[in-house]
Structures are given as structure tokens and as C-alpha cells.
Amino acid sequence: MHPLTGEGPDDLTVSARINETVNVTTPEQTLRLELDDFRLHNIVRETAAVRRGNDFRDNGPSFSFKLRRPDGTAREYLNYMYPVTIDDRQYLLSGTRAQTADEFRYLYIPADESGTPARFLALLQLLHNDQRLREVINGRAAATLAQLEDITADIGERITAAMLQILRLFRDGGYGAIIDHIEQTVPADQHELAGQAYVRLLHNGVQSLYLQVLDDAGVTVTDGLGEAQSRFLEDAVEALAAVPNYGAPFYVALTDFEHREASGLMIARSPGKLLVYPGFLLLLAGIFMLFYIAERRIWFELTTTGDGRLQVLMAGETGRQQQEFSAEFEQLAARARQLPEARP
């Protein structure tokens, strides 16, 4: 578990099984890491952006889990073990959603040459370390500004101070925090111009941090960033902008697993199984009666005429076999007419 904020714990390695819960304590609260599921293979259909000759590809192992807060609310996550190649770039995917009915929204963490998130995480940690952040910006950015003829020492200091402020805003709230800051501090007619300036400061600041990360890793950069390094920096900026909305103080990476396959044997006892067969026969009899035996109803209305005779009105109804019932009804009526007259 790699911290994504400056307030989280150091890297933590845990071993657990699916359907187990791990308590993770942060400076703010204790979270419950609930491991839900593991999939050894994830076969997906290639999209036009990543198609490489085959219609399907295997994204490798993945695992899903929930991070539950003390108040009972939780977010669901779906993380992949190996990087996925998209447009010749490798990303470690981490999906997140607040509701089960929602679609996963993915955090694309750029992978380094070894296919790990180590370089991105080093850049993220440097961004959250205020002391080192100030040292790097005052060192690298100030040295770059000093080479410009039109930049005085006083202006250079103000530019580096503004760069530090923009980096902290971006770290804590992404692009949204920068936009809110511009709307609150810059006149409305200068928003667009200020936005362009802030974006340049942001990218220059992140580039200075990235150069420091490369230097710490022993990678020498003399003639500027190469193509692969520049693309990594672009992807890293986009991932850094999404981290504040990720909803977790750390990124959970799967480093190793033991996949145990098993088959289940279920033993059951049904004391009432002997009643099933008579019930089945009764069900068949009921179905036969439903389709082949018609329901018939006969009504008789008895009234007294003026001369004191008893008059009988006869009616009938059936749901099916209308012709047969009509013949039977006529026969019954004929027999009724043959009855001797009766008086009440």
C-alpha cells in the first residue's frame, strides 16, 4: 500500500486472503480494507486505440476491494497487477466507484521502464514533501530563471513563490483548485490569461520535480527530456490531477499471489423428498384438469307469475367448449320444460 498524500503512512506490505479484512490506520482515521474478489484472467475486447492485430487481450490478474470508513460508507476499487498498454504507453489501472450501480472510473498511473509505479510514486511523494519541494523549486527552477536576461532576482523569487503555490494547489485539489484560486484572486477579464500562465508554471514546476526524481534514480538528463520521458511526464501530470478525486489515501498494488484452485462437494439431506413425487403427480393432474376440463355454471331464477304459477328462468356459462356446452344446455332446458307445472 503506497501513500498518495503526505499525511498517509509509509509503504506498507500486508498479506491477506480474499474475504478477509485488514485495518489500516491513518493520521485521520482507521480504514477497513475488505478484499472482495480475485480474477486470474481479464479477457477484454481490443478497442481501436489499442488494437494490435488480435481482437482480444488478457489484462492479467486483478483484485477488487472496498475501503470502508468508520461511519460505514465505502468506496469500491478494482486494481490490475500488470500494466496495460494503450497507444504504446503503459499504465497501471485502478478503477473506483462510490456505488455498485456506477461504472468504474479509472486512475491511469504511468508505469516506468520496469512496469512499476515506482517513478510516479516518487514524484508524488516529492510533491507532498514541503521541505524538499521548496528546495527543488528554489534550486532547479530558480537556476533556470537566472539564465534568462529579462528576469531579475526579485522577479525570479516571485515566480518561484508563485510556482510553489500553484504546485501545492494542484497537489491538494487538481486543476479544480487552480481554477477556484484564479476566480477568487484574478479579475474576470484576466482569467484566460492567468490560466495560461498558471498552467505554464505548473508544468515547469512538475518538470523540475521530475528531473529531480530522475536524478535520484541515477538517470542522467543532459540534452533535455527524451520522447519517452516527455510522454511519461504528460501522463504523470494527468494522473496527479486525478489523485485528489481518487477517494483513498493510498494505492494498493498486488505484488504476489497464490492462486489455489478447488472444487466443492455439497452434501444435503431432504427429509421431505418422498412428498415430492405425489406432489408432482397432483401437479400434472391439476394441469390436465386446467386445460381439458371446462368449468360450467348454471343459474336458476324462480319467479311467481300473476296467476300464481311458478316461472323458472335458466342461464348458463362456460369458459371454453362453447358449442358442446350450448348443446348440453339445450338438452337440459328441454328436460326442464317437460317437468309438470308446479305452484309455490
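Calculation notes
- Residues numbered from 1 in each chain as written.
- Predicted model: local features only at pLDDT ≥ 70, side-chain atom pairs only at ≥ 80, totals over all residues.
- Heavy atoms only, no water.
- Helix = DSSP H or I, 4+ residues; strand = E, 2+ residues; numbered from the N terminus.
- Rg over C-alpha atoms; globule rule 2.2 N^0.38 Å.
- Areas by Shrake-Rupley, 256 points an atom, 1.4 Å probe, with all protein chains shown as cover.
- Lys, Arg positive; Asp, Glu negative; His and termini not counted.
- Charge placed at Lys NZ, Arg CZ, Asp CG, Glu CD.
- Buried < 20%, exposed > 50% of the residue type's maximum accessible area, 1.4 Å probe, protein only.
- Axes fitted to C-alpha atoms, helices over the stretch in contact; angles between N-to-C directions.
- Left-handed = near helix turned anticlockwise from the far one by under 90°.
- Contact = heavy atoms within 4.5 Å.
- Nonpolar A, V, L, I, M, F, W, Y, C, P; charged D, E, K, R; others polar.
- 1 Å grid on protein atoms, 1.4 Å probe; cavity = no way out; pocket = protein on both sides within 12 Å on 5 of 7 lines; lining within 4 Å.
- Points joined across faces, edges and corners; volume = space filled by probe spheres on them.
- Parallel < 35°, antiparallel > 145°, perpendicular 65-115°, else oblique.

## Some thoughts on the overall build of the chain
- For the chain, the helix and strand inventory stands at seven helices and 13 strands.
- Relative to the 2.2 N^0.38 estimate, which gives 20 Å for 344 residues, the radius of gyration of the chain is 39 Å and therefore markedly larger than a compact globule would have.
- Dimensions along the principal axes, computed over C-alpha positions, put the chain at roughly 130 × 60 × 45 Å.
- Approximately 22700 Å² of the chain is accessible, and the part contributed by carbon and sulfur atoms is 52%.
- Of the charged side chains in the chain, 33 are positive and 48 negative, and the gap between their average positions amounts to 11 Å.

## What to know about unusual backbone geometry
- Phi is positive for Asp-87, which is not a glycine, with a value near 55 degrees.
- Following the sequence through the fold, Asp-87 ends up in the loop between strand 8 (84-86) and strand 9 (89-97).
- For Asp-87, a relative accessible area of 43% corresponds to the partly exposed category.
- The phi torsion at Asp-88 lies on the positive side, around 65 degrees, for a residue other than glycine.
- Following the sequence through the fold, Asp-88 ends up in the loop between strand 8 and strand 9.
- Of the residues examined, Asp-88 reaches a relative accessible area of 55% and is grouped as exposed.

## Overview of the packing of helix 4 (residues 191-216) against helix 5 (residues 227-242)
- With their axes 11 Å apart at the nearest point, helix 4 and helix 5 run at an angle of 120 degrees to one another. For the element pair helix 4 and helix 5, the recorded crossing hand is right-handed. Here helix 4 contributes His-203, Val-206, Gln-207, Tyr-210 and Leu-214 to the contact with helix 5, which in turn contributes Gln-229, Phe-232, Leu-233, Val-237 and Leu-240.
- Among the residues forming the contact of helix 4 with helix 5, the class breakdown is seven nonpolar, three polar and no charged.

## Overview of the layout of surface pockets
- Taken as a whole, the largest pocket encloses approximately 930 Å³ of empty space.
- In terms of lining residues, the largest pocket is bounded by 25 residues, among which Ala-16, Arg-17, Leu-254, Asp-256 and Phe-257 are the most central.
- Of the residues assigned to the lining of the largest pocket, the class counts are 14 nonpolar, five polar and six charged.

## Quick notes on the packing of helix 1 (residues 118-128) against helix 4
- One can describe the packing of helix 1 onto helix 4 by two numbers: an axis separation of 10 Å at closest approach and a directional angle of 120 degrees. In this view, helix 1 runs oblique relative to helix 4, as classed from their interaxial angle. For the pair helix 1 and helix 4, the sense of crossing is right-handed. Contacts between helix 1 and helix 4 involve Arg-119, Ala-122, Leu-123, Leu-126 and Leu-127 on the former and, on the latter, Val-206, Leu-209, Tyr-210, Gln-212, Val-213 and Leu-214.
- Residues belonging to the contact of helix 1 with helix 4 are distributed by class as follows: nine nonpolar, one polar and one charged.

Purely geometric stuff here, so don't read any function into it on its own.
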